Amino acid sequence: MRTINSDRIFIILIYVFLIVMSFMMLYPFWNSVVISFNTGTDTALGGITFWPREFTLENYKVVFQDKRMMSGFLISVLRTVIGTAISITCTAIFAYGMSKKHLIGRKYFMIMCIITMYFSGGLIPAYLINRELGLMDSFWVMVIPNIISVWNMIIFRTFFLELPEGLEESAKIDGCGNWRTFFSIVVPISGPVIATLSLFAAVWHWNDWFTASIYITSEHLMPIQTLLQQILSSNIMSEQMMQTNAAAQGHMASMQNVTTKSLTMSTMLVATIPILLIYPFLQKYFTKGVMIGSMKE
Amino acid sequence: MKKDSMAAVMSHKDRKKSFWVRYIAQIDLQLMVIPALVLIFIFSYLPMYGVLMSFQDYDIFGGFFHSPWVGFKHFKMFFDSPDFWNVMRNTIVISFLRLLIGFPAPIILAIILNEVAHIRFKKVIQTISYLPHFLSWVIVSGLAMSILATENGSLNILLEKFNLINEPINFLSIPNYFWGILISTGVWKEIGFSAIIYIAAIAGINPEVYEAASIDGATRLKKIMYITIPGITGVIIIFMILAVGDILSAGFEDILLLAKNPVLQDVSDVIDTYVYRVGIKNSRFSYAAAVGLFKSIISIALLTIANAVARKIGRSLW
């Protein structure tokens, strides 16, 4: 009997813990949604937690009217779509080649790939090389250096190696070369692995703010995450030193009821919407790609 | 057999020729891998070669080939600089805090989730806990700043409500709070996603073992102690080895974004952010590359040692 009782207490504790944890996961998010829908000047008075006090859409209006923010959003969409498409296509083709046992040099190519997983030159040499290549302040710096992912290549390759051989044999007999076999036979049956890796690549592209922050200086090429980062740091500065940089000043429009804080919140949520939109798909696929995904960290 | 002996008598020239014949015959296949290998060479191997600039006084106009060699000058400069001890202390302390708190957190979550019998409840909790992983650090730092702010920051509101403080605390400008904030934000972001691996490992434990224990009258806690935890020790050790190899990577994006206030520099500077600051911001390329190389060498050494230890107890990475 004692056993049953202690188990019951244990279960109750577990449920309480998990509910508290979920609350702590969701609350910061919910709170920023609330702040983004509350008048900025009212938020400054404090006390906004679970529900808006003075509901408004003004914060969002300002964000959507802000040309720089919209251009940032567009750049983010472009780099995510172009970056993911090129990277997944090139990496898959590479992996297909690497999956062929009669490929001359296969073993050496594989060693060459694996070494890059353990050693890297680090930030500074990479920075200087991108600079030498003329990628400074170019849209392509967000795409080209990340085209080939060795991790993704290995995952694709493992998948291709497990495909039934007969499938490709029949294509060979029909006179298809490697490229045609790849595009007309292999790609159509690789849906799940392509989807999983594409989703992860897309999330990475959407969230990456650092690349643009060191390589890009033109404002019209800034992705939204980098712009947001500039606004957030200028907030801190203005709180500390009562000064704002150009990015934040422009952002703080002429609207009276809007404050930096309320605007930051609405911008943050606009930048998060795409993630929330693909999240259900992510969930569906990442149970398959979990091991992969976590190992990539 | 016949083929083998024929190959043996083939002259060197013939073999060379047949290599090219075979190569040309599969040129379409080679074209699938060559462009990718070129990209890997440019973006991974050239930078590896580029670390040699830590032994130079790299000059942006002269470039790699025309800069003078200076030996270990930059390494010495780093070891002698007043920043060295500070950066090393922060790096090691933050990493240890992560190992101590951030590492076990997802394991505990996975074990707890495993005890939940209600499938739908479990699914909902998991879905919620994954979400922060997919948000960028920019967003997460923005959320943290908002919660910790003096202007309508929820934590200050809460503390004031319980009369624990009289006026709002500007948490992100007080060095004493920084490590705590950094570690908790990291746990908040990654606990759910990191737990997936352990959940999968627990799912791999034979359910009959649990049934047998139940028949013997084991409590849930006992089952966790004697079945679940031993069942996932292998996975834990693998991730532990990786974490030890990463001990000098105390964080980068999170620290850059959370420690923007200059007063935090004394507690927030770690090797990676230091490399970024002196290298990219102050353009001291050779010096920063030297610091980066120092970090890589120690990391590889640590990974090798951790793996050797793990091998002694019967599990290893490679």
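Residues numbered from 1 in each chain as written. Chains lettered and ligands numbered in written order. Predicted model: local features only at pLDDT ≥ 70, side-chain atom pairs only at ≥ 80, totals over all residues. Heavy atoms only, no water.

1. What about the packing of aromatic side chains?
Aromatic ring pairs are reported here in terms of the distance separating the ring centres and the angle at which the planes meet. Inspection of every chain in the model, using the stated rule, returns 44 aromatic pairs over all chains. Taking 5.6 Å as the distance between ring centres and 85 degrees as the angle between the ring planes, the aromatic pair formed by Trp209 of chain A and Phe210 of chain A counts as edge-to-face. The pair Trp209 of chain A / Phe210 of chain A is uniform in exposure class, with both members buried. A ring pair is formed by Trp20 of chain B and Tyr23 of chain B, whose centres lie 5.6 Å apart and whose planes are at 75 degrees; its orientation type is edge-to-face. Of this pair, Trp20 of chain B and Tyr23 of chain B both sit in helix α2 (residues 12-25), separated by 3 residues, roughly a single helical turn. Here the aromatic cluster, defined as three or more aromatic residues joined through ring pairs, consists of Phe78, Phe79, Phe84, Trp85, Tyr274, Tyr287 and Phe294 of chain B. (Phe/Tyr/Trp six-rings, centres within 6.5 Å; stacked < 30°, edge-to-face > 60°. Buried < 20%, exposed > 50% of the residue type's maximum accessible area, 1.4 Å probe, protein only. Helix = DSSP H or I, 4+ residues; strand = E, 2+ residues; numbered from the N terminus.)

2. Things to note about the UniProt feature "transmembrane region" (unreviewed entry) in chain A
Residues and elements named next belong to chain A. Taking the numbering used here, the UniProt-annotated feature "transmembrane region" (unreviewed entry) corresponds to residues 9-30, 73-96, 108-127, 139-160, 181-206 and 262-282. Each end of residues 73-96 is marked by a C-alpha atom, and these two atoms are 34 Å apart; helix forms 100% of the span and strand 0%. Helix makes up 100% of residues 262-282 and strand 0%, whereas the separation of the span's terminal C-alpha atoms amounts to 30 Å. (UniProt positions renumbered as here; feature names shortened; annotations may be inferred.)

3. Observations regarding the pattern of salt bridges
All names here are of chain B. Summed over all chains, the structure comprises 10 salt bridges over all chains. For Arg98, the salt bridge goes to Asp254, with nearest N and O atoms at 3.0 Å. One end of the pair, Arg98, is in helix α5 (residues 83-102); the other, Asp254, is in helix α13 (residues 253-258), with 156 residues separating them in the sequence. A salt bridge links Asp269 to Arg277; the shortest N-O distance between them is 2.8 Å. Residue classification places Arg277 among the partly exposed residues on the basis of a relative accessible area of 22%. (Salt bridge = Lys/Arg side-chain N within 4 Å of Asp/Glu carboxyl O.)

4. As for the UniProt feature "domain: ABC transmembrane type-1" (unreviewed entry) in chain B
Within the UniProt annotation, "domain: ABC transmembrane type-1" (unreviewed entry) is assigned to residues 88-306 of chain B. For residues 88-306 of chain B, the helix share is 75%, the strand share is 0%, and the end-to-end C-alpha distance is 20 Å.

5. Side note on the interface of chain B and chain A
Each partner contributes residues to the interface: chain B has 92 residues there, and chain A has 100 residues. Here chain B and chain A share an interface that buries about 8,300 Å² over both sides, 77% of which is from carbon and sulfur atoms. One can count 0 salt bridges joining chain B with chain A. In this structure, the connection of chain B to chain A is made through 20 residue pairs in polar contact (both at pLDDT 80 or more). For the side of chain B that touches chain A, the element with the most residues is helix α3 (residues 27-50) of chain B, which contributes 19 residues. For the side of chain B that touches chain A, the per-class residue count stands at 63 nonpolar, 22 polar and 7 charged. (Contact = heavy atoms within 4.5 Å. Buried area = accessible area lost by both parts, 1.4 Å probe. Polar contact = N/O pair within 3.5 Å; in protein donor to acceptor, adjacent residues only side chain to side chain. Nonpolar A, V, L, I, M, F, W, Y, C, P; charged D, E, K, R; others polar.)

6. Details of the environment of Lys281 of chain B
Residues and elements named next belong to chain B. With respect to the secondary-structure elements, Lys281 resides in helix α15 (residues 271-281). A relative accessible area of 56% places Lys281 in the exposed class. The sequence separation of Lys281 and Pro47 amounts to 234 residues, and the corresponding C-alpha distance is 19 Å.

7. Examining the confidence of the model for chain B
With 93% of its residues at a pLDDT of at least 70, chain B reaches an overall mean of 88. Ranking the elements of chain B by mean pLDDT puts helix α1 (residues 2-9) of chain B last, at 49, and helix α6 (residues 104-114) of chain B first, at 95. (pLDDT = per-residue confidence, 0-100.)

8. With respect to the nonpolar core
With 127 residues, the main nonpolar core has Leu18, Ile124 and Ile216 of chain A together with Met53, Phe134 and Ile271 of chain B as its most contacted residues. Both domains that furnish three or more residues to this core are identified here as domain 1 (2-55) and domain 2 (73-312) of chain B. Grouped together as the second largest cluster of nonpolar side chains are 32 residues, Tyr96, Leu163 and Ala201 of chain A together with Met48 of chain B included. (Core = buried A, V, L, I, M, F, W, Y, C linked by side-chain atoms within 4.5 Å. Domains from an automatic or database assignment.)

9. Points about the UniProt feature "transmembrane region" (unreviewed entry) in chain B
UniProt records the feature "transmembrane region" (unreviewed entry) at residues 20-46, 92-113, 134-157, 177-203, 224-244 and 285-310 of chain B, using the numbering of this structure. The straight-line gap between the two end C-alpha atoms of residues 92-113 of chain B is 31 Å; of that span, 95% is helix and 0% is strand.

10. Comments concerning the side chain of Thr80 of chain A
Residue placement: Thr80 of chain A occurs in helix α4 (residues 67-98). The residues touching Thr80 of chain A, leaving out its near neighbours within four places in the chain, are Ala202, His205 and Trp206 of chain A.

11. Some thoughts on unusual backbone geometry
Comment: phi is negative for the bulk of residues other than glycine, and the bulk of peptide bonds are trans. All names here are of chain B. With phi around 55 degrees, Asn152 is a residue other than glycine that occupies positive phi space. Mapped onto the secondary structure, Asn152 falls in the loop between α8 (137-148) and α9 (154-161). Assessed through its relative accessible area of 3%, Asn152 is described here as buried. Phi at Asn163 takes a positive value of approximately 55 degrees, unusual for a residue other than glycine. With respect to the helices, strands and loops of the structure, Asn163 is situated in the loop between α9 and α10 (175-203). Overall, the relative accessible area of 65% leaves Asn163 in the exposed class.

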